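Analysis of the macromolecular model
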Amino acid sequence: MKKTIFLLLVLMPLCAMAQQLLSDKNMYWTNGDVFFVLSKHEIRADMYVGMGGTLNEGGTFFGLQNTGNSYKLVETNYGLSNDSETYMYGQTLFFDKKNITANLKTIKGKRYLLFYEKGKLLDVYHEENETTNYGKQNGLYGLEESLIRKIFLAGEYIDSKGGLVTFAVNEQKVHGLRGGWKEYVIDAPRNFPLNNIRLDETTTYEVNHEDDGLMLTEYYTGEEDFEEWKQTGNTIKLYHVLPNRMQGTAGKTSRFDFASKEVLYSSILGGFTKKELRLMRNEIYARHGYRFSSPDMNEYFSQCPWYSPRGDNNAATAELTEVEKINVQLIKKMEKTPQY
């Protein structure tokens with residue numbers, strides 16, 4: 001991935017800070033899965049060109065036209081003639097969608113591109129520094145590992161024997177899965193998702209979210225050929241600890257405390273169930289004292305020691321931060337997205 005981004009940056013040198021969207025040459029934009037770098041159009045002064053791809057392949061190509069208050073997503077040929085060997089045409093960031101606009105926002109010193117279709121939020125792209133260290137890796141793989149660790153996995157769970165299993169927030173460590181604290185590696189083999197954790201040289205678990213916890217499916221990895229994957233048939237079910245019984249051993253105050261801290265990446269939200277997404281969205285409101293009318297939400301949050309409902313829901317909603325408002329929109333969109 002670092003080589004891919006470096007190649008794109010070499011092919012498309014970014015301009016100086018005179019252009020609002022353009023920044024340091026090591027910056028790129030990502031939703032946690034798709035990434036792109038921006039350059040100034042070779043002909044159009046009001047146009048920027050985005051090129052990139054995913055963790056596994058390229059192919060993302062589009063234009064952003066400055067319209068004054070926002071940017072319009074358009075088709076572009078990168079200023080090249082039709083007979084050029086590198087001629088490209090089309091808009092592949094949102095494929096066949098039309099009339100897409102983007103707003104540039106700076107929140108807590110970080111820049112975001114918010115894409116809208118008819119006033120509804122489609123996605124948020126975060127500006128990232130290729131050299132930022134997210135642990136052991138830089139770039140998109142490091143970012144993805146960080147999101148898997150602190151959002152997808154981190155928390156307290158109960159196994160089938162009643163034992164506490166804890167995935168830490170700040171380190172790739174798990175306690176109680178196989179004894180005391182053990183480091184794990186997030187595997188990213190070809191054609192496999194990133195939600196694979198390896199505890200030793202031959203054993204890997206594919207981790208998937210379920211409404212009430214996590215399901216770990218065991219795989220055997222060949223000692224010499226790490227592309228050799230075989231399901232062992234063994235599974236481990238981990239259940240979420242109830243809010244009023246959380247011990248804080250994972251470094252979290254609740255299951256979804258991250259949703260109020262920073263703008264989320266849409267790619268990571270796709271790993272949660274619809275029920276979890278609903279709880280995540282409502283926890284944002286609960287942190288401001290929102291009083292729920294639905295029995296299940298009222299029952300769940302009444303178990304949270306930090307929850308203090310009040311009578312004025314309008315006041316609670318008005319207190320939402322800019323980060324929380326964006327996350328509510330992102331989560332709502334993911335709740336409506338079909339899951340496979």
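Summarised in this report is the structure supplied together with it. From a predicted model like this one, the values you see are computed outputs, not experimental measurements. (Residues numbered from 1 in each chain as written. Predicted model: local features only at pLDDT ≥ 70, side-chain atom pairs only at ≥ 80, totals over all residues. Heavy atoms only, no water.)

Our focus in this paragraph is the packing of aromatic side chains. Inspection of the entire model under this criterion finds 20 aromatic pairs. Measuring from ring centre to ring centre gives 6.2 Å for F292 and Y307, while their planes differ by 40°; the resulting arrangement is tilted. Of the two residues, F292 is situated in the loop between helix 4 (274-286) and helix 5 (295-302) and Y307 in the loop between helix 5 and helix 6 (313-318); the sequence distance between them amounts to 15 residues. The exposure class assigned to Y307 is buried, which follows from its relative accessible area of 10%. Judged by centre distance (5.0 Å) and plane angle (90°), the rings of Y300 and F301 are edge-to-face. Looking at Y300, the relative accessible area reads 13%, which means it is buried. Look at F301 and you get buried, because its relative accessible area is 0%. In this structure an aromatic cluster arises from ring pairing among Y285, Y290, F292, Y300, F301, W306 and Y307. (Phe/Tyr/Trp six-rings, centres within 6.5 Å; stacked < 30°, edge-to-face > 60°. Helix = DSSP H or I, 4+ residues; strand = E, 2+ residues; numbered from the N terminus. Buried < 20%, exposed > 50% of the residue type's maximum accessible area, 1.4 Å probe, protein only.)

Among all positions of helix 5, only M297, Y300 and F301 are buried. Buried residues in helix 5, looked at end-on, bunch into an arc of 90°, giving them a common side. With respect to the buried face of helix 5, the exposed residues turned more than 90 degrees away are P295, E299 and S302. For helix 5, the elements touching its buried residues are helix 4. (Arc of directions from axis to C-beta. Contact = heavy atoms within 4.5 Å.)

The subject of this paragraph is the nonpolar core. Counting 60 residues, the largest nonpolar core has L153, F167, L264, L269, M280 and F301 as its most contacted members. Tallying contributions element by element places helix 2 (residues 139-153) first for this core, with 7 residues. In this structure, L21, L38, F62 and L113 belong to the second largest nonpolar core, which totals 19 residues. (Core = buried A, V, L, I, M, F, W, Y, C linked by side-chain atoms within 4.5 Å.)

Turning our eyes to something else, we now look at the environment of R281. Looking at the secondary structure, you find R281 in helix 4. Taking the C-alpha atoms as reference points, R281 and L330, 49 residues apart in sequence, are found 9.3 Å from one another. Those residues in contact with R281 that sit more than four places away from it in its chain are V328, I331, K332 and E335.

This part covers the packing of helix 4 against helix 7 (residues 322-336). It is the contact of helix 4 with helix 7, at a shortest axis distance of 10 Å, that shows an interaxial angle of 160°. Our classification of the angle between helix 4 and helix 7 gives roughly antiparallel. Taken as a pair, helix 4 and helix 7 cross one another with a handedness that is left-handed. Contacts from K274, L277, R278, M280, R281, I284 and Y285 of helix 4 reach helix 7 at E324, N327, V328, I331, K332, M334, E335 and K336. Looking at side-chain class alone, the contact of helix 4 with helix 7 contains 7 nonpolar, 1 polar and 7 charged residues. (Axes fitted to C-alpha atoms, helices over the stretch in contact; angles between N-to-C directions. Parallel < 35°, antiparallel > 145°, perpendicular 65-115°, else oblique. Left-handed = near helix turned anticlockwise from the far one by under 90°. Nonpolar A, V, L, I, M, F, W, Y, C, P; charged D, E, K, R; others polar.)

We now examine unusual backbone geometry. The phi torsion at N99 lies on the positive side, around 55°, for a residue other than glycine. The exposed category is assigned to N99, whose relative accessible area is 58%. If you check the backbone angles, K118 has positive phi at about 55° while not being a glycine. Mapped onto the secondary structure, K118 falls in the loop between strand 7 (110-117) and strand 8 (120-129).

So, to be careful, I would describe these as geometric facts and stop short of saying anything about function.
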